[in-house]
Amino acid sequence: QLANALFAQLNMSRPFLYVEAGCLTGGSLLVVARALRALGAHKVTMLAIDPFTGDKGMWVFHLFLGLRRGRPSIMERFLANVKEAGFAQSVVPMQATASAGLKALYWLHTRGRPVPLADFIYLDSAHPNAAHPNAAMNAAQRPRGPCTAA
């Protein structure tokens, strides 16, 4: 479904900004990156927003954090996964919460910085309250024509 939604918005002739909020080690981000590459989309920048610190359950049960000197190594694993998959040139990590990252994207854009608004934002379902809907709406480009929901 995500690939179909992306394909419907993809314009191969111009740069495309995909934003994923809540990417942890990059699993879903890399699935989308591979799908876009298979579609022939080579002008895609992927902004990966995540604090890379894990959630409460990971800390309580010492799962998946890969602690090094008391600090999670999640971001290092994310970067290694992106590099190994061959997307290091198109993925930009932003170490922030979803809400802070989306607000920063909007703030930079509205202050005349060379930062585009997102063409597509994927809010990971593990973060239902992480991103305020207004932050996501502000950080996204508005549809230029009729918009329908599938």
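Notes on the structure follow. Since the structure is predicted, the reported quantities are computational estimates derived from the model, not experimental observations.

Looking at the side chain of D50
So, step 1. Tracing the sequence through the fold places D50 in strand 2 (residues 44-50).
So, step 2. Within the structure, D50 has its side chain in polar contact with the backbone nitrogen of F52 (distance 2.7 Å).
So, step 3. Setting aside its immediate chain neighbours within four residues, D50 contacts G22, C23, L24, M94, Q95 and A96.

A few points about helix 5 (residues 98-110)
So, step 1. End to end, helix 5 covers 18 Å across 13 residues, agreeing with the expected 18 Å (1.5 Å per residue, within 8%).
So, step 2. Those residues of helix 5 that fall on the buried side of the exposure criterion are A98, S99, G101, L102 and L105.
So, step 3. Just downstream of helix 5, G112 is the residue with a positive phi angle, here 80°.

Some words on the pairing of strand 1 (residues 16-21)
So, step 1. Counting buried residues in strand 1 gives six out of six residues, a clear majority hidden from the surface.
So, step 2. Judged by which residues are buried, strand 1 turns out to be covered on both faces: F16, Y18 and E20 on one side and L17, V19 and A21 on the other are all buried.
So, step 3. Examined bridge by bridge, strand 1 and strand 2 share six bridges and lie parallel to one another. For E20, the partnering residue across the bridge sits in strand 2 and is A48.

Some points on the environment of D119
So, step 1. Residue position: D119 is located in the loop between helix 5 and strand 4 (120-123).
So, step 2. Of note is the side chain of D119, whose polar atom sits 2.7 Å from the backbone nitrogen of L17.

Some remarks on the nonpolar core
So, step 1. Among the nonpolar cores identified, the biggest contains 23 residues, and Y18, L29, V44, M46, F78, F87 and V91 are the most heavily contacted of them.
So, step 2. Among the secondary structure elements, those contributing two or more residues to this core are strand 1, helix 2 (27-38), strand 2 and helix 4 (74-85).
So, step 3. Not counting residues up to four positions away in its chain, the partners in contact with V44 are F16, Y18, L36 and S90.
So, step 4. Core analysis: the next-biggest nonpolar cluster, separate from the first, contains eleven residues, L17, I49, A98 and L102 among them.

Observations concerning the packing of helix 2 against helix 4
So, step 1. Where helix 2 contacts helix 4, the two axes come as close as 11 Å, and the packing angle between them is 20°. With respect to helix 4, the axis of helix 2 lies roughly parallel. Considering how the two elements wind past one another, helix 2 and helix 4 form a crossing that is right-handed. For the pair helix 2 and helix 4, contact is made by L29, L30, R34 and R37 and by F78, N81, V82 and A85, respectively.
So, step 2. Looking at the contact of helix 2 with helix 4, its residues break down into five nonpolar, one polar and two charged.

About the thresholds
Sequence order as written defines residue numbering, which begins from 1 separately in each chain. Where local features are concerned, this predicted model is filtered to residues with pLDDT of at least 70; where side-chain atom pairs are given and counted, the filter is 80 or more; whole-chain, interface and lining totals use all residues. Note that water and hydrogens are dropped before the side-chain values are worked out from all heavy atoms of the structure. Each helix corresponds to a stretch of at least 4 residues labelled H or I by DSSP, and each strand to a stretch of at least 2 residues labelled E; elements are numbered beginning at the N terminus. Polar contacts, as used here, are pairs of N or O atoms within 3.5 Å; protein pairs need one atom able to donate a hydrogen and one able to accept it. Residues neighboring in sequence count only if both atoms are side-chain atoms. Contacts between residues were defined by any pair of non-hydrogen atoms, one from each residue, lying within 4.5 Å. Expected span of a helix, by definition, is 1.5 Å for each gap between consecutive residues, and there is one gap fewer than residues. When a residue's accessible area, from a 1.4 Å probe over protein chains only, is under 20% of the maximum for its type it is buried; when over 50% it is exposed; and in between it is partly exposed. Two strands form a pair only when DSSP identifies at least two bridges running between them. Take the buried Ala, Val, Leu, Ile, Met, Phe, Trp, Tyr and Cys residues and link them wherever side-chain atoms come within 4.5 Å; each set so joined is a nonpolar core. Helix axes are fitted only over the stretch in contact, all axes being lines through C-alpha atoms; the angle between N-to-C directions runs from 0 to 180 degrees. We call two directions roughly parallel when the angle between them is under 35 degrees, roughly antiparallel when it is over 145, roughly perpendicular when it lies between 65 and 115, and oblique otherwise. Left-handed describes a crossing whose near helix is turned anticlockwise from the far helix by less than a right angle; the clockwise case is right-handed. Here the nonpolar group is Ala, Val, Leu, Ile, Met, Phe, Trp, Tyr, Cys and Pro; Asp, Glu, Lys and Arg are the charged ones; every other residue, Gly included, is treated as polar.

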